[in-house]
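Summary of structural features
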Amino acid sequence: MDRQSVDPTARTCADGHLDVGGICGLCGEWLPVATCRAGSCAWVAANGERTLQEAVDHHIATGHSIRVIVN
Amino acid sequence: MLRADLNDRLTQVGPGTPMGELYRRYWLPVATETDLHDNPVKRVRILGEDLVLYADDTGGLGLVSERCPHRGASLGYGFPENGGLRCPYHGWLFDGEGTCLEQPNQTPDSPSLRERSRIKGYPVRALGGLVFAYLGEAPPPAFPRFDLFTWQEGEGKFRDIGHAVIPCNWLQIMENSFDPTHVEWLHGRLYNYHLGREGKEPTVLGGHHVKIAFDLVEYGIIKRRLREGQSEEDEDWRVGHPVVFPNILKVGGNGLASFQIRVPMDDTHTLHFWYQWFEVPERFADQVDEILHLPDTYPVTLQGPDGSFLMDTIDSQDAMVWVTQGGRTSRDDEHLSSSDQGIAMYRNLLRAQLDANANGESVMNVLAPEDDYVINLPQEQKELGLDSGTGANPFASFLRLQSRYSQRLPELVRRIDAVIADGQDAVTSAH
Ligand code: FES
Ligand SMILES: [Fe+2]
Ligand SMILES: [Zn+2]
Ligand SMILES: [Zn+2]
């Protein structure tokens with residue numbers, strides 16, 4: 001995975017493992033989706049554990065609010 | 001999991017450490033006004049520094065190093081005089097900026113010895129019943145006027161401030177504020193286990209979390225929860241409640257709005273304030289005037305005589321899990337699960353703010369000196385809220401919090417019980 005390839009539909013970890021309740025059932029990597037709440041901004045991240053880091057970086061760069069939901 | 005070196009970076013708060021420098025950008029509460037009124041000289045330990053907070057004889061406040069530069073005695077046993085603090089040993093006098101004003105037995109007077117005897121002095125400011133200090137470089141930022149700090153007592157409203165020294169690192173306490181699901185276990189199932197053993201009614205806090213969410217916003221992170229039986233219209237989900245970066249949790253319910261403020265004393269101790277405002281329904285509002293003469297400050301008991309944590313308040317349950325992780329827990333051996341993503345978001349936010357601070361960039365909630373506005377914070381009106389409509393004392397449930405150690409709240413509960421009993425007598429005799 002590279003930091004540019006944000007795929008909001010990604011539901012597997014880098015190893016192609018399965019999402020089990022927001023976490024990879026095999027390797028334990030998180031699979032959260034972070035969504036920007038600013039009306040005009042379509043920023044979304046679903047890059048495993050890096051998602052949360054990228055959410056913080058996007059917030060700091062833009063001031064936009066970001067939501068992460070864990071089911 | 002967090003590598004040991006990253007754990008050090010996030011947890012250590014002494015002078016010169018990255019997190020210590022970040023905390024030195026904020027006004028931090030160090031005592032209550034009531035405590036200082038009762039005893040105007042108070043030793044405090046903040047961010048690894050031993051200090052003395054005092055109210056001088058002109059009403060001014062000062063915060064200086066504890067160690068006297070003469071021969072090292074503690075200024076914490078000194079006394080206020082001549083607009084400053086005198087050392088208990090030989091009477092050297094210091095002002096709030098740490099300037100040595102007098103060295104009474106030095107003859108002749110030596111301006112250069114006085115100059116070499118300067119100690120640290122930090123700005124201090126009182127607001128909303130708390131005394132705040134700023135340990136960073138001048139000039140201090142604007143004081144962030146988060147809503148509750150600006151409220152006024154009267155008309156059915158009063159404040160109550162509990163405090164305790166928690167013997168563990170501050171981050172363990174803060175991470176708990178990003179951990180919604182612990183409520184269903186620690187304050188739900190575990191609490192009910194203990195209540196059941198005592199033959200008492202269970203709490204309502206055991207509901208299973210269907211989903212949780214974390215919103216990164218301009219002042220911090222808002223957390224939300226949706227439990228079984230709730231809908232997305234429920235305030236727990238729709239409104240949630242925030243953590244104000246870096247160290248304040250806002251939480252409450254109907255009748256209660258509170259901040260839990262965590263001030264690092266050093267790497268293994270945290271000064272914890274439960275800063276609470278109660279709003280009493282109109283029917284009982286008169287009773288507030290009858291308790292305002294009682295102190296608004298009280299120490300909170302979290303452990304029993306044998307040192308084990310009490311399991312009978314929500315707050316002592318929390319303290320148990322904060323402290324039993326260890327004085328400063330390791331994180332390279334943890335196993336985070338999907339419900340820990342709020343914790344990961346917060347750690348990432350800390351990491352980013354440490355970087356910003358190191359690079360001289362702006363930092364969350366450090367306001368320019370002229371930005372002296374009130375910041376209103378959301379808070380759902382449900383969890384822990386008043387039990388309305390049952391005819392029971394609406395404030396009794398707050399005695400399941402550390403408020404049971406307060407002087408004001410238990411007295412209010414007694415008074416409300418009496419009003420309710422009177423009302424029932426009136427109803428009975430009318431029939
Ligand atoms: S189950 Fe979370 S610390 Fe043990
Ligand atoms: Fe808790
Ligand atoms: Zn995997
Ligand atoms: Zn955005």
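Check the entry above for the structure.
Before going further, it helps to examine the sheet that holds strand E4 (residues 61–65) of chain B. Residues and elements named next belong to chain B. Strand order in the open sheet formed by 4 strands is E2-E3-E4-E9, with antiparallel pairing between adjacent strands. Each having just a single partner strand, strand E2 (41–46) and strand E9 (121–122) make up the two edges of the open sheet. With 6 bridges joining them, E2 and strand E3 (residues 49–55) adopt antiparallel strand pairing. When the bridges of E3 are listed, valine 44 appears paired with leucine 51.

Attention now moves to the sheet that holds strand E10 (residues 124–127) of chain B. Residue and element names in this part refer to chain B. Spatially, 3 strands are ordered E1-E11-E10 in an open sheet, and the strand pairing comes out antiparallel. This sheet does not close on itself; its edge strands, each paired only once, are strand E1 (27–32) and E10. Mean inter-strand twist for the sheet, computed between neighbouring axes without regard to direction, equals 35 degrees.

Before going further, it helps to spend a moment on the coordination of the iron ion (ligand 2). Residue and element names in this part refer to chain B. All of the protein donors around the iron ion (ligand 2) are His182 (NE2), His187 (NE2), Asp318 (OD) and Asp318 (OD); their distances to the metal are 2.0 to 2.6 Å. As a motif over one chain, the donors of the iron ion (ligand 2) read H-x4-H-x130-D. With histidine 187 in helix H6 (residues 182–197) and aspartate 318 in helix H9 (residues 314–323), the pair connects residues that are 131 residues apart, well separated along the chain. For the pair histidine 187 and aspartate 318, one class covers both residues: buried.

Moving on, we get to the pattern of salt bridges. All names here are of chain B. By the definition in use, this model includes 29 salt bridges over all chains. Notably, a salt bridge pairs arginine 24 with glutamate 49, separated by 2.7 Å at the nearest N-O pair. Placement of the pair is arginine 24 in the loop between helix H2 (18–23) and E1 and glutamate 49 in strand E3, with a sequence separation of 25 residues. A single burial state applies to arginine 24 and to glutamate 49, both of which are buried. Linked by salt bridges that have partners in common, Glu175, Arg331, Glu334 and Arg347 make up one network.

The next subject is empty space enclosed by the protein. Residue and element names in this part refer to chain B. According to the stated counting rule, one finds 2 cavities of 30 Å³ or more in the structure shown. Considered as a void within the structure, the second largest cavity measures approximately 130 Å³ in volume. Taken together, 16 residues form the lining of the second largest cavity, with Trp27, Pro144, Phe146, Asn247 and Ile248 sitting closest to its centre. The element that contributes the greatest number of residues to the lining of the second largest cavity is E1, accounting for 3 residues. Grouping the amino acids of the lining of the second largest cavity by side-chain chemistry returns 14 nonpolar, 2 polar and no charged.

So, how was this worked out
Here the residue numbering is sequential within each chain, running from 1 through the sequence in written order. Chains carry letters from A onward and ligands carry numbers from 1 onward, assigned in written order. Note on the predicted model: pLDDT of at least 70 is required for a residue's local features to be given, and 80 or more for side-chain atom pairs to be given and counted; whole-chain, interface and lining totals, by contrast, use all residues. Excluding hydrogens and water, the side-chain values take into account all heavy atoms of the structure. A pair of strands is treated as paired once DSSP finds two or more bridges between them. Secondary structure follows DSSP: runs of H or I at least 4 residues long count as helices, runs of E at least 2 residues long count as strands, and numbering of each begins at the N terminus. Whenever a helix is involved, its axis is fitted only over the stretch in contact; in every case the axis is a line through C-alpha atoms, and angles between N-to-C directions fall within 0 to 180 degrees. Distances define the donors: N, O and S atoms within 2.8 Å of the metal qualify, as do those within 3.2 Å of Na, K or Ca. Water is excluded, so some sites may look unfinished. Summary of the burial criterion: residues with accessible area below 20% of their type's maximum are buried, those above 50% are exposed, and those between are partly exposed, where the area comes from a 1.4 Å probe applied to protein chains only. We define a salt bridge as a contact between a side-chain nitrogen of Lys or Arg and a carboxyl oxygen of Asp or Glu at a distance within 4 Å. Cavities and pockets were defined on a 1 Å grid built over protein atoms only: a cavity is a set of grid points that admits a 1.4 Å probe from which the probe cannot escape, a pocket is an open set flanked by protein on both sides within 12 Å along at least five of seven lines, and lining residues are those with an atom within 4 Å of any such point. Grid points are joined across faces, edges and corners, and a volume is the space filled by probe spheres set on the points. For this scheme, ten residues count as nonpolar: Ala, Val, Leu, Ile, Met, Phe, Trp, Tyr, Cys and Pro. Four count as charged, namely Asp, Glu, Lys and Arg, and the remainder, Gly too, count as polar.

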